[in-house]
Amino acid sequence: MGVTVHVLTPGDKKHFPRKGDAVSVHYTGTLANGKVFDSSHARVAPFVFNLGIGEVIKGWDQGIPLMSLGEKATLTVSPDLAYGSKGVPPTIPPNATLTFQIELLKIN
């Protein structure tokens with residue numbers, strides 16, 4: 001259980017986001033069957049949130065600080081750090097392991 005980070009394209013390896021930083025990311029979220037359930041690319045604009053204060057799922061709050069600026073990575077998030085036993089009906093089923101392709105665009 002937890003979050004794993006698989007680096008696809010390394011970032012600068014110098015600038016890492018910390019709790020409270022506003023970060024800007026592009027992402028695509030998929031279920032175990034490969035079905036896309038959400039994507040910032042579809043909305044064109046990057047997704048911006050404050051890291052580490054519960055604005056996103058725990059898997060992101062734990063996984064994104066391991067990424068450096070400009071990095072592209074796959075985050076695999078277990079249900080306990082995603083939406084748990086409730087899921088988000090009808091889009092995300094209960095106890096779903098989620099996979100996110102994330103690009104860390106900006107740290108403020």
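As the structure is a computational prediction, the values presented were derived from the model and not from experiment.

### A closer look at unusual backbone geometry
Link 1 in the chain: Residue Pro90 is reached from Pro89 by a cis peptide bond, and omega for that bond is -5°.
Link 2 in the chain: Position of Pro90 relative to the elements: it lies in the loop between strand S5 (72-77) and strand S6 (98-107).
Link 3 in the chain: In this model, Val44 sits at a positive phi of 70°, which is unusual for a non-glycine residue.
Link 4 in the chain: Along the polypeptide, Val44 turns up in the loop between strand S3 (36-39) and strand S4 (47-50).
Link 5 in the chain: Assessed through its relative accessible area of 65%, Val44 is described here as exposed.

### Topic: the side chain of Ser39
Link 1 in the chain: When you line up the elements, Ser39 lands in strand S3.
Link 2 in the chain: Excluding residues that lie within four positions of it along the chain, Ser39 makes contacts with Tyr27 and Thr28.

### Description of the pattern of salt bridges
Link 1 in the chain: For the structure on display, the rule yields one salt bridge.
Link 2 in the chain: With a shortest N-O distance of 2.8 Å, Asp38 and Arg43 are connected by a salt bridge.
Link 3 in the chain: Here Asp38 falls in the partly exposed class, since its relative accessible area comes to 26%.
Link 4 in the chain: In this structure Arg43 comes out as partly exposed when scored by relative accessible area, which is 44%.

### Some remarks on the nonpolar core
Link 1 in the chain: Among the nonpolar cores identified, the biggest contains 23 residues, and Trp60, Ile64, Leu75, Phe100 and Ile102 are the most heavily contacted of them.
Link 2 in the chain: Those elements that provide at least two residues to this core are strand S2 (22-30), S5 and S6.
Link 3 in the chain: Looking at which element gives the most residues to this core, the answer is S6, with four residues.

The rules we used
- Residues numbered from 1 in each chain as written.
- Predicted model: local features only at pLDDT ≥ 70, side-chain atom pairs only at ≥ 80, totals over all residues.
- Heavy atoms only, no water.
- Helix = DSSP H or I, 4+ residues; strand = E, 2+ residues; numbered from the N terminus.
- Buried < 20%, exposed > 50% of the residue type's maximum accessible area, 1.4 Å probe, protein only.
- Contact = heavy atoms within 4.5 Å.
- Salt bridge = Lys/Arg side-chain N within 4 Å of Asp/Glu carboxyl O.
- Core = buried A, V, L, I, M, F, W, Y, C linked by side-chain atoms within 4.5 Å.

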